Amino acid sequence: MRVQFTETVLRDANQSLMATRLPYSDYEAILPTMDKAGYYSVECWGGATFDSCLRYLNEDPWERLRNIRKNMPNTKLQMLLRGQNLLGYKHYHDDVVEKFVELSIKNGIDILRIFDALNDFRNIKTALEATKKYGNANTIASGCISYTQSPVHTVEKYVEMCKELQRMGFDTICLKDMAGTMSPFEAEGLIKGIKDAVGDMPLILHTHCTTGMAYMTLTKAIESGIDVIDTATSCFSNGTSQPATESMFYALKQYGIDSGLNEKAINEVNDFFKPVKQKYIDNGTLNPKSMGTDAQALVYKVPGGMLSNMIANLTDMDAMDKFDAALAEIPAVRADMGYPPLVTPLSQMVGNQAVTNVLVGERYKNISNEVKNYFKGEYGIAPAPVNKDLERQILGEGGKPIDCRIEDSKRTGEDFAKAKAELGDLARSEEDVMSYICYPKQAKDFLEKRKADEERVCKYTMEAID
Ligand code: CO
């Protein structure tokens, strides 16, 4: 028996524990060791890393990827891609999605884990097709399902989703439990059901330790036939991050389950990251609170991040006395919206609407534009029928949501040329233009600073010659 590992320290662990503030220079030295560790893959890009590079770290995300590639030539590099939203929050046109995938593969990505918040697979089709078009023999398109619990999210429904991903042509399937609420019992039912339906297709489980169930859930997943698990080197594990790589390795070893991991290398990786972690605890970037267990998400059925966000907002508005009412309102809003998974951007939309309903004292008197657009069908198809009264209130009598993807109803094909023209000589590559399309302000600031820095170096050199 074989169960392989995806190491997440460079992306999800970094994102979950320290808001993705780990600069490349902090971990460059360990990459050659990580390259010998025998991971199934290293998740190192996508998610919030792209935004964080430009916004906070003054790093070119593409250059980071190329550097990781150079230092880890033998390991599959993995990214998380939000389908038609790429790494942002809006739907991009197909030509932009296609170009982004082409450049990601060109700069070093092997595995594209592609998901849509609503599990509306029309929103991951373009990214899949581009992966097939620009990929090479090493490239893997992984179809990813946002896991959530609701009356309509049954094992049968998930099995149907997996069959659809297989029909679409994905190479692997990933179950993504972003809130860490999947129990061992649920994992067993799901994985056995999915494995029966999709045969040999590799199945991956991504979960978080947030609620304290992840080790039990992974153990049950392994017994049920999972092929790959996501873990983080132990000093960057637990809390809101993934379970520890070494702990899972030792547990599997005694069962005689082959992980392909190099024991010496994975221990060296952890030794390397210990002082890195300490540095960010000392300067306050890594809040030790995020490393603890918080089972609230199991009680309230909402992700931990959503709770802390709500507490912060209500505290800001001096309205913490409304916390219990807002919390009770979340399941109602979610049901009205047809039980969307509580992942970005739906978690924010549902949370804000629940808080608004409670603060205004009347349901849906104020409706955010995002929720209106959701009912118009701009984010995709809701998992279950939405509240018809609310739909009528938003769309008018006889109004219907659009029956195509939002980007099908809009002009396409000019975004890239327009962005290139706007950047002028600030852009030196297609990658620069793509950064600007994804994060216009942050990318422009970054490119302007890069230019200014170079001019300064240039002037300095001239003076030195004089
Ligand atoms: Co995650």
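This write-up is about the structure you can find in this document. Source: prediction; values computed, not measured.

### With respect to the coordination of the cobalt ion
Here is step 1 of the chain: Taken together, D12 (OD), H206 (NE2) and H208 (NE2) make up the full set of protein donors to the cobalt ion, lying 2.1 Å away.
Here is step 2 of the chain: On the primary sequence, the residues serving as donors to the cobalt ion are separated as D-x193-H-x1-H. Taken together, the positions of D12 in helix α1 (residues 12–18) and H206 in strand β7 (residues 203–206) put the pair 194 residues apart, joining distant regions of the chain. Considered together, D12 and H206 belong to a single accessibility category, that of buried residues.

### Regarding the packing of helix α13 (residues 304–316) against helix α15 (residues 346–360)
Here is step 1 of the chain: Interaxial distance between α13 and α15 falls to 10 Å at its minimum, and their mutual angle equals 40°. What the angle tells us is that α13 and α15 run oblique. Note that α13 runs across α15; the crossing there is right-handed. Contacts between α13 and α15 involve M306, M310, N313 and L314 from the first element and S347, V350, G351, N352, V355 and L359 from the second.
Here is step 2 of the chain: Broken down by class, the residue content of the contact of α13 with α15 amounts to 6 nonpolar, 4 polar and no charged.

### Quick look at the nonpolar core
Here is step 1 of the chain: One finds L10, M34, L81, F100 and F273 to be the most contacted residues of the largest nonpolar core, which totals 98 residues.
Here is step 2 of the chain: Residues from two domains meet in this core; each of domain 1 (4–282) and domain 3 (414–465) gives at least three.
Here is step 3 of the chain: Membership of the second largest hydrophobic core comes to 43 residues, among which are Y40, L80, V355 and I367.

### Some details on the environment of M310
Here is step 1 of the chain: You can see M310 is positioned in helix α13.
Here is step 2 of the chain: Residues M310 and F323, spaced 13 residues apart in sequence, show a C-alpha to C-alpha distance of 8.0 Å.
Here is step 3 of the chain: With sequence-adjacent residues up to four places away left out, M310 is seen in contact with F323, A326, L327, I330 and V355.

### Examining the packing of α13 against helix α14 (residues 323–336)
Here is step 1 of the chain: Orientation of α13 relative to α14, taken along the N-to-C sense of each, is 140°, at an axis distance of 11 Å. What the angle tells us is that α13 and α14 run oblique. Every pair of crossing elements has a handedness; the one defined by α13 and α14 is right-handed. Taken together, the residues of α14 that come into contact with α13 (itself represented by M306, L307, M310, I311 and L314) are F323, A326, L327 and I330.
Here is step 2 of the chain: Here the contact of α13 with α14 is composed, by residue class, of 9 nonpolar, no polar and no charged.

### Re the state of the cysteines
Here is step 1 of the chain: The tally for this structure, following the rule as stated, stands at 0 disulfides.
Here is step 2 of the chain: Sulfur of C53: no disulfide; nearest cysteine sulfur belongs to C44 and is 11 Å away.

Cut-offs and rules
Residues numbered from 1 in each chain as written. Predicted model: local features only at pLDDT ≥ 70, side-chain atom pairs only at ≥ 80, totals over all residues. Heavy atoms only, no water. Donors = N, O, S within 2.8 Å, 3.2 Å for Na, K, Ca; no water. Helix = DSSP H or I, 4+ residues; strand = E, 2+ residues; numbered from the N terminus. Buried < 20%, exposed > 50% of the residue type's maximum accessible area, 1.4 Å probe, protein only. Axes fitted to C-alpha atoms, helices over the stretch in contact; angles between N-to-C directions. Parallel < 35°, antiparallel > 145°, perpendicular 65-115°, else oblique. Left-handed = near helix turned anticlockwise from the far one by under 90°. Contact = heavy atoms within 4.5 Å. Nonpolar A, V, L, I, M, F, W, Y, C, P; charged D, E, K, R; others polar. Core = buried A, V, L, I, M, F, W, Y, C linked by side-chain atoms within 4.5 Å. Domains from an automatic or database assignment. Disulfide = S-S within 2.5 Å.

Any link to function would need more than the numbers given here.
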